[in-house]
Amino acid sequence: MIQFKNVSKVYENGTKALSNVNFTINSGEFVFLVGASGAGKTTAVKLILREILPTQGEIIVNGRDITKLKKKEIPYYRRNLGVVFQDFRLLPDKTVYENVAFAMEIVEARERDIRRQVPSVLSMVGLASKAESYPHQLSGGEQQRATLARAIVNNPSILIADEPTGNLDPDTAMDIMRLINMINHRGTTVIMATHASEIVDAMKKRVITFKKGIVVRDEEKGGYANEASNI
Amino acid sequence: MKLRTYKNFFKEALRNIFRNRVMSLASIVAIMSALFILGVVLILAFNLEHIAGGLESKVEISVFLDKDIGSNQARAVVEQIEKNDGIYEIEFISKEEGLAQWKKELGEKGDLLEGYEGNNNPLPDKLILRIEKPEYVDGIISILNDIPEVDKVNYSQEVVDSISRIVQTTRLVGLLLMLMLIIIAMIIINNTIKINVYSRRREIRIMKYIGATDSYIRWPYIIEGFTLGIFAAFFAGALVIGGYNLLLSRAGQMAGNYAFFNLFQLLPTEKMIYDISLTFLLVGCGVGIIASIISTRKHLKA
Ligand SMILES: Nc1ncnc2c1ncn2[C@@H]1O[C@H](COP(=O)(O)OP(=O)(O)OP(=O)(O)O)[C@@H](O)[C@H]1O
Ligand SMILES: [Mg+2]
């Protein structure tokens, strides 16, 4: 469960990115965060990742106020989250297999589990045949599949995706969405920030719409509202 | 952390070293230079101490007793002196023995001393004290001066003093030089790691996203510093010990030609190789590790 309670974020330079934001996302939900460029979606994502702290308010994740996490606890907190970005962020000098295995090495999984789990996630995302390829040898869609594999390999309770389809053509984007949907069906909470109205409209999931840092709409089975596209 | 994790760290560290060959080499050369100076200082100090030790064992104080005391009284004085620390040998030369020695030294002209035997003997009883270390000399001399039967005390201090001064100065200058070079080495390693961290800042960010702890991120860099230190210690050791062996063989050749070189016996390599290797390894790895810890602390923040 993720809960924003009166969350505001003002950046050091005075930019008000979020103002008094409230929402609750239950376990197993699939939620889109939409809004025009600069509306505050990425800011919300960074807050959940505990990359930044809110200026005000509480952020409760799985029962803990993560704004009160000690610095030492942050890495352990993040192991509950799978993260996917627009720009893939794979380690360039590791193969697909190594990139995924790396996420397990960091949490010191057993060698045996790594050897079992990595091929299984890779085939789940349809990348089994590319296990030994390096990121630069992959298409954008394949790279994003690899990041998805890395994001879920440790079975996180929450998957956070910031514009995961931003660099992909529509067909590839829909493939990735099917994958994310499948991950959601396995019980993982999914939070996805996006501009892609077709995707949002097609998926019929809960949509939280931001405008200039304020939540202006929060709908079950919503669509990409007009408020999101106008500035 | 698990053993396998450390194995991965080592792989990572070696990969880093190889990827930034030029900076790695610069770091190794920097530590090596510092170690080289340290080695030269050590060898100089060892040898000077060896020479000084030879001289020190010859530190002698000559004590002349009053001419008019008897042999019982003289023996009492010897016993009194013996009780003091720092004296490892007392040689008693009675006036008779002294005269006999003198005669011997004069050889053919020994008969010049005819008639000075017995009560006419002009020589005092003499003691030669052999002292363990020059530090004891001053104390012993003041004790000797307080003994009424002691007439005169002779001691030549200069040689010993100047040698121990040379040893001290060499050590000081060498240590300062070495400290300077260690600081330079640290700066270069710091730069190596900084470049490394900078070129991998994307990777480090990704590692943080997927939940790597700071120490997990730092370990490879610390191992990198340690490895650079080992390499430097190894090369510096080979250089210093090889160089010294060469010097020894040259000195050996010269000793054949010039008597001067026989004056001071250089220490054989075996006497120092253990100390030098150990010091190099400790200092080399220490410098590497400390520099890595400092620079990762600085550059991994974010
Ligand atoms: N590090 C920062 N320092 C200062 N201002 C920032 C920072 N990051 C974002 N902002 C500002 O905060 C506001 C919200 O930015 P944010 O990145 O959350 O928007 P977004 O909804 O993700 O936009 P986009 O759709 O373009 O990714 C913007 O006005 C942006 O300029
Ligand atoms: Mg954004």
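Every chain is numbered independently, its residues counted from 1 as its sequence is written. Throughout, the order in which chains and ligands are written sets their labels, letters from A for the former and numbers from 1 for the latter. This being a predicted model, a pLDDT of at least 70 is required before a residue's local features are given, and a value of 80 or more before pairs of side-chain atoms are given or counted; all residues contribute to the totals for chains, interfaces and linings. For the side-chain quantities, the full set of heavy atoms in the structure was used; hydrogens and water were omitted.

**Student:** Hey, could you run me through the overall build of chain A in this one?
**Tutor:** Starting at the N terminus, helices and strands are each numbered in turn, a helix being any DSSP run of H or I of at least four residues and a strand any DSSP run of E of at least two. The helix and strand inventory of chain A stands at eight helices and 10 strands. Across its three principal axes, chain A shows a C-alpha extent of roughly 45 × 40 × 35 Å. Counting only residues that meet the buried cut, chain A has 55% of its 231 residues in that class. Whether two residues are in contact is decided by their heavy atoms, any of which lying within 4.5 Å being enough. Within chain A, counting contacts between residues at least 6 apart in sequence, those at least 24 apart form 68% of the total. What sets the accessible areas is the Shrake-Rupley method with a 1.4 Å probe; for residues, cover comes only from the shown protein chains. Counting only carbon and sulfur atoms, one obtains 47% of the accessible surface of chain A, whose full area is about 10100 Å². Under the counting rule used here, the positive set is Lys and Arg, the negative set is Asp and Glu, and His together with the chain ends is not counted. The location of each charge is read from NZ of Lys, CZ of Arg, CG of Asp or CD of Glu. Side chains of chain A carry 31 positive and 26 negative charges; the gap between the two charge centres is 5 Å. Under the scheme applied here, a residue whose accessible area is under 20% of the maximum for its type counts as buried, over 50% as exposed, and between as partly exposed, the area being computed with a 1.4 Å probe on protein chains only.

**Student:** Honestly, the site of ligand 1 in this entry has me stumped. Any pointers?
**Tutor:** Residues and elements named next belong to chain A. To be near a molecule or strand, a residue needs just one of its heavy atoms within 4 Å of it. Surveying the vicinity of ligand 1 reveals 14 residues, the closest of which are Ser37, Gly38, Lys41, Thr42 and Thr43. Side-chain polar atom of Thr43 to an oxygen atom of ligand 1: 2.5 Å apart, as the coordinates give it. Contact distances for ligand 1 include 2.8 Å between an oxygen atom and a side-chain N or O atom of His195. Against a free-state accessible area of 630 Å², the protein chains account for coverage of 66% of ligand 1. Per-element tally for the shell around ligand 1: the top contributor is helix H1 (residues 41-48), with three residues. Gly counts as polar in this scheme, as do all residues outside two lists: the nonpolar Ala, Val, Leu, Ile, Met, Phe, Trp, Tyr, Cys and Pro, and the charged Asp, Glu, Lys and Arg. When its residues are assigned to classes, the shell around ligand 1 shows four nonpolar, eight polar and two charged. Whenever a nitrogen or oxygen atom comes within 3.5 Å of another N or O atom, the pair is scored as a polar contact, on the condition that within protein one atom can donate a hydrogen and the other can accept it, and that pairs from neighbouring residues in sequence are kept only if both atoms are in side chains.

**Student:** Help me understand the nonpolar core in this model?
**Tutor:** The tendency in soluble globular proteins is for nonpolar side chains to be buried as a group. Ranked by size, the top nonpolar core spans 87 residues in total, and within it Phe32, Leu159 and Ile180 of chain A carry the most contacts. At 10 residues, helix H8 (residues 214-257) of chain B tops the list of elements feeding residues into this core. We call a set of buried residues a nonpolar core when its members are Ala, Val, Leu, Ile, Met, Phe, Trp, Tyr or Cys and they connect through side-chain atoms within 4.5 Å of each other. Among the nonpolar cores identified, the runner-up in size contains 32 residues, and Phe4, Val45, Phe85 and Ile208 of chain A belong to it.

**Student:** What should I look at first to understand the packing of aromatic side chains in this one?
**Tutor:** A ring pair, where both rings are aromatic, is described by two values, the distance of the centres and the angle of the planes. Only Phe, Tyr and Trp rings take part, Trp by its six-membered ring, and two of them pair if their centres are within 6.5 Å. Stacked means planes under 30 degrees apart, edge-to-face means over 60, and tilted covers everything else. Counted under the stated rule, the structure contains nine aromatic pairs over all chains. Where Phe30 of chain A meets Phe32 of chain A, the ring centres are 5.2 Å apart and the plane angle is 55 degrees; that geometry is what we call tilted. Here Phe32 of chain A falls in the buried class, since its relative accessible area comes to 0%. Taken together, a centroid distance of 5.9 Å and an interplanar angle of 70 degrees make the contact between Phe234 of chain B and Phe235 of chain B edge-to-face. The class of Phe234 of chain B is exposed, set by a relative accessible area of 59%. For Phe235 of chain B, a relative accessible area of 40% gives the class partly exposed. By the criterion adopted, a ring carries a charge over it if an Arg CZ or a Lys NZ lies within 6 Å of its centre and within 35 degrees of its normal. Positioned over the ring face of Phe85 of chain A is Arg89 of chain A, at 3.8 Å from the centre of the ring. Against the face of Phe102 of chain A rests Lys94 of chain A, its NZ or CZ located 4.9 Å from the ring centre.

**Student:** Explanation requested: the packing of helix H3 (residues 96-106) of chain A against helix H5 (residues 140-152) of chain A in the structure shown.
**Tutor:** Each pair of packed helices can be summarised by the angle the axes make with each other and by the distance between the axes. Residue and element names in this part refer to chain A. Here H3 crosses H5 at 25 degrees, and the two axes come no closer than 8 Å. Regarding the angle of H3 to H5, the classification is roughly parallel. Taken as a pair, H3 and H5 cross one another with a handedness that is right-handed. Across the interface between the two elements, Val96, Asn99, Val100 and Ala103 of H3 pack against Ala146, Ala149 and Arg150 of H5. Of the residues that constitute the contact of H3 with H5, the class distribution is five nonpolar, one polar and one charged. Axis definition: a line fitted to C-alpha atoms, limited for helices to the stretch in contact. Angles are taken between N-to-C directions and run from 0 to 180 degrees. Roughly parallel here means an angle under 35 degrees, roughly antiparallel means over 145, roughly perpendicular means 65 to 115, and every remaining angle is called oblique. What makes a crossing left-handed is the near helix being turned counterclockwise from the far one by less than a right angle; a clockwise turn instead makes it right-handed.

**Student:** Honestly, the domain arrangement of chain B in this entry has me stumped. Any pointers?
**Tutor:** It is common to give the size of an interface as the accessible area lost on bringing the parts into contact. Here the domain parsing of chain B yields domain 1 (3-55 + 163-301) and domain 2 (60-154). Residue ranges labeled as domains rest on an automatic or database domain assignment. Here the C-alpha centroids of domain 1 of chain B and domain 2 of chain B sit 54 Å apart.

**Student:** Would you explain the environment of Phe46 of chain B in this entry?
**Tutor:** All names here are of chain B. Its location among the elements puts Phe46 in helix H2 (residues 21-56). Judged by relative accessible area, which is 22%, Phe46 ranks as partly exposed. Sequence-wise, Phe46 and Met272 are 226 residues apart; in three dimensions their C-alpha atoms are separated by 7.7 Å. The contacts of Phe46, once residues within four sequence positions are left out, are Leu267, Met272, Asp275 and Ile276.

**Student:** Hey, could you run me through the sheet that holds strand E1 (residues 2-10) of chain A in this one?
**Tutor:** Across a sheet, strands are paired by hydrogen bonds formed along the backbone, either parallel or antiparallel in direction. Residue and element names in this part refer to chain A. By the convention used here, strands pair only if DSSP detects at least 2 bridges between them. Across the sheet, which stays open at both edges, the four strands sit in the order E2-E1-E4-E5 with antiparallel pairing between neighbours. With partners counted over all chains shown, the strands left at the sheet margins are strand E2 (16-25) and strand E5 (64-65), one partner each. The pairing of E1 with strand E4 (residues 56-61) spans five bridges and is antiparallel. Within E4, the position partnered with Lys5 by the bridge is Glu58. Its contacts with the sheet put H1 on E1, E2 and E4, and the angle it makes with E1 is roughly 120 degrees.

**Student:** Could you clarify how one ought to interpret unusual backbone geometry in this entry?
**Tutor:** Residue and element names in this part refer to chain A. Despite not being glycine, Glu108 shows a phi value in the positive range, around 55 degrees. Positive phi values are uncommon outside glycine, yet Lys204 reaches one of about 55 degrees. Assignment of secondary structure puts Lys204 in the loop between helix H7 (197-203) and strand E9 (206-211).

**Student:** Just to check I follow, could you spell out the layout of surface pockets for this structure?
**Tutor:** A water-sized probe, rolled over the atoms, reveals where empty space remains. Considering only enclosed or pocket space, the second largest pocket measures out at about 480 Å³ in volume. Lining the second largest pocket are 25 residues, with Lys94, Phe102 and Glu105 of chain A together with Asn8 and Lys11 of chain B positioned closest to its centre. Of all the elements in the fold, those that place two or more residues in the lining of the second largest pocket are H3 and helix H4 (111-124) of chain A together with helix H1 (3-19), helix H7 (201-209) and H8 of chain B. No other element matches the seven residues that H1 of chain B contributes to the lining of the second largest pocket. Residue composition of the lining of the second largest pocket, grouped by class: 12 nonpolar, one polar and 12 charged. In this analysis, the protein atoms alone were mapped onto a 1 Å grid. Cavities are point sets where a 1.4 Å probe fits without being able to get out; pockets are open sets with protein on both sides within 12 Å along at least five of seven lines; lining residues have an atom within 4 Å of a point. Grid points are joined across faces, edges and corners, and a volume is the space filled by probe spheres set on the points.

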